[in-house]
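Each chain is listed here by its residues.
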Amino acid sequence: MTTTSPSLDRSLRLFDAVNLGVGSMVGAGIFVVLAPVAALAGWNWWIAVLLAAVTAVANALAVAALSMKHHSSGGAYLYGNRELGPVAGFIAGWGFVTGKTASCAAMAYTVGLYLAPGYAVYLGLAAILLVTAINLLGITRTAFAARLVVIPVFLLLLTLALVALTGPSFQYDDAARLTASLTGSPWLVFQAAGLMFFAFAGYARIATMGEEVRDPSRNIPRAIFGALGITFVIYALVWVASVHRVGIVALGESKAPLVEVSRAVGWPEWLVPVAAGVAAFGALLALVAGISRTALAMSREGDLPQAFGRISASHHVPWFGQIMVALLAAVLIIATNPTTIIGFSSFGVLLYYAIANASALKLSGSERPRFSPKWLNVLGLALCLALVITLPLTSILVMVMVFAVGCGLRWLLQRNPQPSEG
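As the structure is a prediction and not an experimental result, all values here were calculated from the model. (Residues numbered from 1 in each chain as written. Predicted model: local features only at pLDDT ≥ 70, side-chain atom pairs only at ≥ 80, totals over all residues. Heavy atoms only, no water.)

## Describing the overall build of the protein
Within the protein, the regular secondary structure consists of 19 helices and two strands. In the protein, which comprises 422 residues, the proportion classed as buried is 58%. Excluding contacts between residues fewer than 6 apart, the proportion of contacts in the protein whose partners are at least 24 apart in sequence is 84%. Put simply, the protein shows about 16400 Å² of open surface, and 69% of that area lies on carbon and sulfur atoms. (Helix = DSSP H or I, 4+ residues; strand = E, 2+ residues; numbered from the N terminus. Buried < 20%, exposed > 50% of the residue type's maximum accessible area, 1.4 Å probe, protein only. Contact = heavy atoms within 4.5 Å. Areas by Shrake-Rupley, 256 points an atom, 1.4 Å probe, with all protein chains shown as cover.)

Here is the structure:
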């Protein structure tokens, strides 16, 4: 029933690709990052958001420029391999696969945490199972399901922000708390930017599925720009409306800041938690698909076992990679919690984008589009590395060990080439 010979199907239209990108970003991120960013940066929250946005734009433009030259699956793993060499490509691919598998566990757990906190682990495992089943049916089913999730959540966030903005501004009655929240140190603001970037990390999912997008040299850049632009607008509205209606202190102290906003405008308290669970499910849907495509590309180059390159002959999806991602995410759901693995995810993803920016620097004049000048690639690379060093020391040390294990696995695979299948 399966073999390595079938290819992925170019069935994603521009609208589908944009939906997958938006769904990857406007997922659980915006529901959870408001509180820690507000707590760290205080009234300088807008600087942290701006830093994260600039980093995201630089990375997105680098990925878009590279996607115009390279049309296969793999994202920055493919770009690093082609432009910088196999070691750089492996660093990007391993960072994406390990970091985003951790994100899968966090997203799945978030589904359960918002919908039924007492059964978060069980609902998280059920979410992983359901998402894997949908993805195994084919990329068009994934895109359709993502559309069903993204549009309602987007409309709810937009409506909540507009309603909150039209209401009265929050008035502080505690001068000491207000003064304490006015400023955050530059280091804390940068840490907040690193957390806020987590809410933007998702547009690369479009590039990782480059083999399934129609007219990729034209549609992948347009989808990345579209998804990022839509996300910027909704994030800006949500931030401004939240600060306006409940204040920066309340945002920083709340475990569910958007619930505070919905309560302030008189909405039912169950509505935002349900939306958060649905949004996390949508992000998880696109995430599993993107990880399996990167693992597919790595198996083709001998950087992962060849089994990850197995593609279903009936549904044209890398089925083995999707099942393995689901199994590893399930283990993390049982063994850890979302907070401890976000740092791991950020480490891997930031290195992934650092490789993307470094790869974009290698584009020649004739290959380089005007929207991605070299100075912007340098800025993106510098910001990614700067955000990495702001992560907690534990996250850095653990992920260094994870990368050491990955390098050891690659060394064994390179020394003992696998016989081709099928």
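## A few points about the layout of surface pockets
Quantified by volume, the second largest pocket comes out at close to 400 Å³. The wall of the second largest pocket is formed by 22 residues, among which Val97, Thr98, Thr101, Leu328 and Leu332 lie closest to the centre. (1 Å grid on protein atoms, 1.4 Å probe; cavity = no way out; pocket = protein on both sides within 12 Å on 5 of 7 lines; lining within 4 Å. Points joined across faces, edges and corners; volume = space filled by probe spheres on them.)

## Regarding empty space enclosed by the protein
A complete count under the given rule lists two cavities of 30 Å³ or more for this structure. Taken as a whole, the second largest cavity spans an internal volume of roughly 60 Å³. Looking at the second largest cavity, the residues that line it are Lys100, Gly194, Phe197, Phe198, Ala201, Ser345, Ser346, Val349 and Leu350. Among the secondary structure elements, those contributing two or more residues to the lining of the second largest cavity are α10 (186-200) and α17 (338-360). Among the elements that take part in the lining of the second largest cavity, α17 stands out by supplying four residues, more than any other. Within the lining of the second largest cavity, the residues separate by chemical class into five nonpolar, three polar and one charged. (Nonpolar A, V, L, I, M, F, W, Y, C, P; charged D, E, K, R; others polar.)

## Some details on the side chain of Ser103
Following the sequence through the fold, Ser103 ends up in helix α6 (residues 86-115). Ignoring anything within four residues of it in the chain, the contact list for Ser103 reads Phe198, Leu287 and Ser345.

## Details of the packing of aromatic side chains
Counted according to the given criterion, the structure contains nine aromatic pairs. A ring pair is formed by Phe90 and Trp94, whose centres lie 5.8 Å apart and whose planes are at 20°; its orientation type is stacked. Pair noted here: Phe90 and Trp94 are both in helix α6, with a separation of four residues, about one helical turn. Residue classification places Trp94 among the buried positions, given a relative accessible area of 10%. Look at Tyr352 and Tyr353: their rings are 5.3 Å apart centre to centre, the planes differ by 85°, and that puts the pair in the edge-to-face class. The exposure classification of Tyr352 matches that of Tyr353, with both residues buried. (Phe/Tyr/Trp six-rings, centres within 6.5 Å; stacked < 30°, edge-to-face > 60°.)

## Focus on the pattern of salt bridges
Tallied over the full model, the rule gives five salt bridges. The partner of Arg410 in a salt bridge is Asp303, and the shortest N-O contact between them spans 2.8 Å. One end of the pair, Arg410, is in helix α19 (residues 393-415); the other, Asp303, is in the loop between α15 (271-300) and β2 (311-312), and 107 residues separate them in sequence. Here Asp303 falls in the buried class, since its relative accessible area comes to 2%. (Salt bridge = Lys/Arg side-chain N within 4 Å of Asp/Glu carboxyl O.)

## Examining the packing of α6 against helix α7 (residues 120-136)
Running from N to C, α6 and α7 point in directions that differ by 125°, and their axes come no closer than 7 Å. Relative to α7, α6 is oriented oblique. Regarding α6 and α7, the two cross each other, and that crossing is right-handed. For the pair formed by α6 and α7, the contact residues are Cys104, Ala108, Tyr109, Val111, Gly112, Leu113 and Leu115 on the first element and Ala120, Val121, Leu123, Gly124, Ala127 and Ile128 on the second. (Axes fitted to C-alpha atoms, helices over the stretch in contact; angles between N-to-C directions. Parallel < 35°, antiparallel > 145°, perpendicular 65-115°, else oblique. Left-handed = near helix turned anticlockwise from the far one by under 90°.)

## Describing the side chain of Asn357
Within the secondary structure, Asn357 sits in helix α17. In this structure the side chain of Asn357 is engaged in a polar contact, spanning 2.6 Å, whose partner is the side chain of Asn59. Apart from residues lying up to four places away in sequence, Asn357 is in contact with Ala58, Asn59, Ala62, Leu376, Asn377, Gly380, Leu381 and Cys384. (Polar contact = N/O pair within 3.5 Å; in protein donor to acceptor, adjacent residues only side chain to side chain.)

## Side note on a nonpolar patch on the surface
Together, Leu115, Tyr119, Tyr122, Leu123, Trp270, Val274 and Val278 make up a nonpolar patch on the protein surface, roughly 730 Å² of accessible area in all. Elements with a minimum of two residues in the nonpolar patch: α7 and α15. Within the secondary structure layout, Val274 lies in helix α15. (Patch = residues over 30% accessible without salt bridge, like charges linked within 9 Å, V, L, I, M, F, W, Y side chains within 5 Å.)

## Points about the nonpolar core
Ranked by size, the top nonpolar core spans 128 residues in total, and within it Phe31, Met196 and Trp239 carry the most contacts. Leaving out residues up to four positions away in the same chain, Trp239 has contacts with Leu34, Val37, Ala38, Trp45, Val49, Met196, Ile248 and Leu251. (Core = buried A, V, L, I, M, F, W, Y, C linked by side-chain atoms within 4.5 Å.)

## Considering the packing of helix α3 (residues 34-41) against α10
For the pair α3 and α10, the least separation of the axes is 8 Å and the interaxial angle reads 170°. Taken together, α3 and α10 sit at an angle that is classed as roughly antiparallel. Contacts from Pro36, Val37, Leu40 and Ala41 of α3 reach α10 at Leu188, Val189, Gln191, Ala192, Leu195 and Met196. Its residues assigned to classes, the contact of α3 with α10 shows nine nonpolar, one polar and no charged.

## As for the environment of Trp411
If you trace the backbone, Trp411 turns up in helix α19. With relative accessibility at 53%, the residue Trp411 sits in the exposed group. Sequence-wise, Trp411 and Asp303 are 108 residues apart; in three dimensions their C-alpha atoms are separated by 8.5 Å.

## Structural notes on the confidence of the model for the protein
Averaged over every residue, the pLDDT of the protein is 80; the share at 70 or more is 84%. When mean pLDDT is taken per element in the protein, helix α18 (residues 374-389) scores highest with 94 and strand β1 (residues 2-3) scores lowest with 42. Low pLDDT (under 50) marks residues 1-5, which in the prediction has 11 contacts with non-local residues, meaning those over four places away or in another chain. Low confidence marks residues 173-178, where pLDDT is under 50. Its contacts with residues over four positions away, or in another chain, come to five contacts. (pLDDT = per-residue confidence, 0-100.)

## A closer look at α7
Helix length check: α7 (17 residues) gives 24 Å between terminal C-alpha atoms against 24 Å at 1.5 Å per residue, within 8%. For α7, the full list of buried residues reads Ala120, Gly124, Ala127, Ile128, Val131, Thr132, Ile134 and Asn135. The buried residues of α7 occupy one face: seen down the axis, they fall within an arc of 160°. Looking at α7, the residues exposed on the side facing more than 90 degrees away from the buried face are Tyr122 and Leu129. (Expected span 1.5 Å × (residues − 1). Arc of directions from axis to C-beta.)

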